[in-house]
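# An overview of the molecular structure
Spelled out from the first residue to the last, the chains are:
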Amino acid sequence: MQVEGLNIHPLKSGRAIPLETATVRIDGLAGDRRYMIVEPDGRFITQRELQALARVEATAVGESLHLEIDGRQLFASFEPEDRLDVVIWDTPVNAAVADPAVNEALSEWFARPVKLVHMDAMARRAEGEAWAGTAAPVGFADGFPVLVTTTASLADLNATLTEKGQEPVGMDRFRTNILVSSDEPWAEDLWETIEVGGVVFDLVKPCARCIMTTQDQTTGERIGGNPIQGLAEKRMSADRRVPGVLFGWNAVPRNEGEIRLGDPVRVTKTRTERWPMKVRT
């Protein structure tokens, strides 16, 4: 097995940026989900409620961010002393906030009041103590630093969608960080620890999937195959701790380093039992 794809998403819910080489830090891939669109009161916003975010291309330039959507461009910078208390799910984070002119322009883009925030060096967030042993540092990702998926599992899902008369979907629907080429569908359920390029990742929790997987990651439209319906055939969690359909595993880096496309992926520790799934009758 080897690394088939590497991706970061500088803006949470914005477009992915494919990489050939990624720097892995304890809080995830460098540059991944360090910026976020929020409500004026600081509540986080994603494609779930603002589908147009899928059309936003975001590129970090130092501590600033270049944004583009439908030909419109914007350059946002941040002052460390200008801050806003934001909330991701139930977690508060004190983040740097863009200046009013930038936020006014973004509010015009999205036809609703929004603000742009940055997980800068002063911001702190840690999650997943119950799963990772100790709380893991993380940026603006939903819950964990890294998401790992496999080609074989996507192929199996697409076979199910085809059987249901639906179109296959691409891996971009799942917003993965590390895509592993593999031959056995769902083998990752038994991976407890993997090593890539000298970096160790613990796979600590399966990833429950939401309506974002039904959205085209170029347009934001809910078109094409519906992964949730396909996953419901054999990937419906039977463990109440993680309800819903599952695809991919949340991972925590245990050291830092660089990983590259083509790097071998070595499973160094396995589980004795698979995650329990509901059986459809």
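Before reading further, recall that the structure is shown in the block above.
Here goes a summary of the coordinates provided. (Residues numbered from 1 in each chain as written. Predicted model: local features only at pLDDT ≥ 70, side-chain atom pairs only at ≥ 80, totals over all residues. Heavy atoms only, no water.)

### A few points about the pairing of strand E7 (residues 64–69)
- Two strands pair when backbone bridges link them, and strand E6 (residues 57–61) and E7 are joined in this way by 5 bridges, in the antiparallel orientation. Residue pairing in the sheet places Val 61 in a bridge with Ser 64 of E7.
- If you look at the hairpin formed by E6 and E7, you'll find 2 residues sitting between the two strands, and Gly 62 has a positive phi there, around 65°.
- For E7 and strand E8 (residues 72–76), the ladder comprises 5 bridges, and the chain directions are antiparallel. Residue pairing across strands places Glu 68 opposite Gln 73, the latter belonging to E8.
- Between E7 and E8, which pair antiparallel and follow one another directly, the connecting turn spans 2 residues, one of which, Asp 70, has a positive phi of 50°. (Pairing = 2+ DSSP bridges. Helix = DSSP H or I, 4+ residues; strand = E, 2+ residues; numbered from the N terminus.)

### Some details on helix H1 (residues 100–110)
- Within the span of H1, buried status applies to Val 102, Asn 103, Ala 105, Leu 106, Ser 107, Trp 109 and Phe 110.
- The inward-facing, buried residues of H1 contact strand E5 (35–38), E7, E8, strand E10 (91–98) and strand E11 (115–118).
- Where H1 begins, one side-chain oxygen reaches toward the backbone nitrogen of Ala 101, 3.0 Å away; that side chain belongs to Asp 99.
- Count one or two residues on from H1 and you reach Ala 111, which has phi positive near 55°. (Buried < 20%, exposed > 50% of the residue type's maximum accessible area, 1.4 Å probe, protein only. Contact = heavy atoms within 4.5 Å. Polar contact = N/O pair within 3.5 Å; in protein donor to acceptor, adjacent residues only side chain to side chain.)

### Some remarks on helix H3 (residues 151–163)
- Under the 1.5 Å per step criterion, the end-to-end length of H3 is 19 Å for 13 residues, consistent within 8% with the ideal 18 Å.
- Residues of H3 that are buried: Ala 152, Ser 153, Leu 154, Asp 156, Leu 157, Asn 158, Thr 160 and Leu 161.
- In this fold, the buried residues of H3 make contact with strand E14 (146–150), helix H4 (227–231) and strand E18 (246–253). (Expected span 1.5 Å × (residues − 1).)

### Here we look at the pattern of salt bridges
- Under the counting rule described, the total for this entry stands at 20 salt bridges.
- Residues Arg 15 and Glu 57 are paired through a salt bridge, measuring 2.9 Å at the closest nitrogen-oxygen approach. Taken together, the residues Arg 15 in the loop between strand E1 (2–8) and strand E2 (17–18) and Glu 57 in strand E6 connect sequence positions 42 residues apart.
- Under the relative-accessibility criterion, Glu 57 is labelled partly exposed at 39%.
- Of the charged contacts, one joins Arg 25 and Asp 27 as a salt bridge, the two residues approaching to 3.1 Å between their closest N and O atoms.
- On the basis of relative accessible area, Arg 25 is assigned to the partly exposed category, the value being 31%. (Salt bridge = Lys/Arg side-chain N within 4 Å of Asp/Glu carboxyl O.)

### Points about the pairing of E14
- The buried fraction of E14 is high, at 5 of 5 residues.
- The alternating pattern of E14 places Val 146, Val 148 and Thr 150 on one face and Leu 147 and Thr 149 on the opposite face, and all of these are buried.

### Notes on the sheet that holds strand E4 (residues 28–29)
- Spatial strand order, E4-E3-E19: 3 strands in an open sheet with antiparallel pairing. In the strand order of this sheet, the two ends are held by E4 and strand E19 (257–260), each with one partner.
- Across 4 bridges, the pairing between strand E3 (residues 21–25) and E19 is antiparallel. Bridge assignment links Ala 22 to a residue of E19, and that residue is Ile 259.

### Focus: empty space enclosed by the protein
- Evaluated as defined, the whole model comprises 1 cavity of 30 Å³ or more.
- Considering only enclosed or pocket space, the largest cavity measures out at about 30 Å³ in volume.
- Lining the largest cavity, in full, are Asp 156, Leu 157, Thr 160, Trp 186, Gly 230, Leu 231, Lys 234 and Arg 235.
- Top contributing element to the lining of the largest cavity by residue count: H3, with 3 residues.
- Its residues assigned to classes, the lining of the largest cavity comprises 3 nonpolar, 2 polar and 3 charged. (1 Å grid on protein atoms, 1.4 Å probe; cavity = no way out; pocket = protein on both sides within 12 Å on 5 of 7 lines; lining within 4 Å. Points joined across faces, edges and corners; volume = space filled by probe spheres on them. Nonpolar A, V, L, I, M, F, W, Y, C, P; charged D, E, K, R; others polar.)

### Here's the deal with the nonpolar core
- Core analysis: the biggest nonpolar cluster contains 25 residues, and Val 146, Val 148, Ile 178, Ile 194, Val 196, Phe 201 and Ile 259 have the highest contact counts within it.
- Among the elements of the structure, E1, E3, E14, strand E15 (178–181), strand E16 (191–196), strand E17 (199–208) and E18 are those that each provide at least two residues to this core.
- With residues up to four places along the chain from it excluded, the contact list for Ile 178 reads Gly 5, Leu 6, Val 146, Leu 147, Val 148, Thr 149, Phe 201 and Ile 259.
- Formed by 24 residues, the second largest nonpolar core is a distinct cluster that contains Leu 11, Leu 53, Leu 67 and Ala 98. (Core = buried A, V, L, I, M, F, W, Y, C linked by side-chain atoms within 4.5 Å.)

### Here's the deal with the layout of surface pockets
- Roughly 630 Å³ of internal volume is contained in the largest pocket.
- Lining the largest pocket are 27 residues, with Arg 48, Asp 142, Gly 143, Cys 207 and Ala 208 positioned closest to its centre.
- Counting only elements with at least two residues in the lining of the largest pocket, the list comes to E14 and E17.
- Per-element accounting of the lining of the largest pocket gives the leading share, 3 residues, to E17.
- Here the lining of the largest pocket is built from residues that sort into 12 nonpolar, 6 polar and 9 charged.
- Taken as a whole, the second largest pocket encloses approximately 300 Å³ of empty space.
- Taken together, the residues of the lining of the second largest pocket break down into 8 nonpolar, 4 polar and 7 charged.

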